[in-house]
Amino acid sequence: MIDTTPEITLRDGYDKDASVNVLSTVWSEKGSWFDRVPRSVAVAGIFVVGVSFWQLVFLTGLVSPIILPSPLETVGQLIFVGHNLITGGYMLASLSVTMQEVFYAFILSISIGFSLGVIVGESSFGERALMPYLVAFDTMPKVAFAPLFIAWLGFGIESKVALATYIATFPIIVGTAAGMHAADESSRMFFKTMGAS
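Residues numbered from 1 in each chain as written. Predicted model: local features only at pLDDT ≥ 70, side-chain atom pairs only at ≥ 80, totals over all residues. Heavy atoms only, no water.

Caption draft 1: Broad picture of the overall build of the protein chain. Helices and strands together make up the secondary structure of the protein chain, namely eight helices and zero strands. Helices and strands appear in the protein chain in the N-to-C order α-α-α-α-α-α-α-α. Looking at the protein chain as a whole, 14% of its 197 residues are labelled buried. Long-range contacts, defined as pairs at least 24 residues apart, comprise 49% of the intrachain contacts of the protein chain with a sequence gap of at least 6. Total accessible area computed for the protein chain in this model is approximately 15400 Å², and 71% of it derives from carbon and sulfur atoms. (Helix = DSSP H or I, 4+ residues; strand = E, 2+ residues; numbered from the N terminus. Buried < 20%, exposed > 50% of the residue type's maximum accessible area, 1.4 Å probe, protein only. Contact = heavy atoms within 4.5 Å. Areas by Shrake-Rupley, 256 points an atom, 1.4 Å probe, with all protein chains shown as cover.)

Here it is in structure tokens:
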């Protein structure tokens, strides 16, 4: 009979019988040097390469400086805007208006989206009759509604709130309806026995 067990080569000073179990359980793989680079070094290296490429494109003039300014100009503008926000310049007032628009649109889209999502998710009428219209409204390009909202509501806060509400409502409808459908019949029966409607 031929012995088919693999030959294990050990370094000098090791007992072959004592180290067979250790060698069979220890396994290591030699990866490329890319895999051994620490994550922080890799992230910093990619950042340096990206900024260097950005500066090279700026210096060669392939892209207009109006569209792609240099990295130093960009950092300078970021510092200017940050200083303006901290000291309370015009950026702080603009940020306040933007936060109001976001807050109002958030409240409206949650209210409308959750209400319509419950109707779509809990009734077959909502799913069959209402959902096709909602999908049709969602497939329309959002950018096309911006001039309409401005024409209807003016340049004030109302048109921006209306557009943000329009954009954010449909995902809430879909998420609410999907959540309503995700509950299985036994869970519904359990909650009904606990007094839920």
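Now, onward.
Caption draft 2: Fine view of the packing of helix 4 (residues 90-122) against helix 7 (residues 157-182). The interhelical angle for the contact between helix 4 and helix 7, taken along N-to-C directions, is 35°, at an axis separation of 6 Å. Between helix 4 and helix 7 lies a crossing of right-handed hand. (Axes fitted to C-alpha atoms, helices over the stretch in contact; angles between N-to-C directions. Left-handed = near helix turned anticlockwise from the far one by under 90°.)

Caption draft 3: Looking closely at the environment of V57. Counting through the fold element by element, V57 comes out in helix 2 (residues 39-60). When the C-alpha atoms of V57 and P69 are compared, they prove to be 9.7 Å apart, with twelve residues separating the residues in sequence. The residues touching V57, leaving out its near neighbours within four places in the chain, are L62, V63 and L68.

Caption draft 4: View of the nonpolar core. Of all hydrophobic cores here, the largest spans six residues; its members are V120, M131, L134, F170, I173 and A177. Contributing elements (two or more residues each) for this core: helix 5 (124-139) and helix 7. Of all the elements, helix 7 adds the most residues to this core, at three residues. (Core = buried A, V, L, I, M, F, W, Y, C linked by side-chain atoms within 4.5 Å.)

Caption draft 5: Main features of helix 7. With 26 residues, helix 7 ought to run about 38 Å at 1.5 Å a step, and its terminal C-alpha atoms sit 37 Å apart, in line with that. Of all bends in helix 7, the biggest is about 30°, found at A168, and the proline P171 comes one to four residues later. Within helix 7, the full set of buried residues consists of S159, V161, A162, T165, Y166, T169, F170, I173, T176 and A177. Check the buried side of helix 7 and you find it contacts helix 4, helix 5 and helix 6 (142-153). (Expected span 1.5 Å × (residues − 1). Bend = angle between axes of the 7 residues up to and from the residue.)

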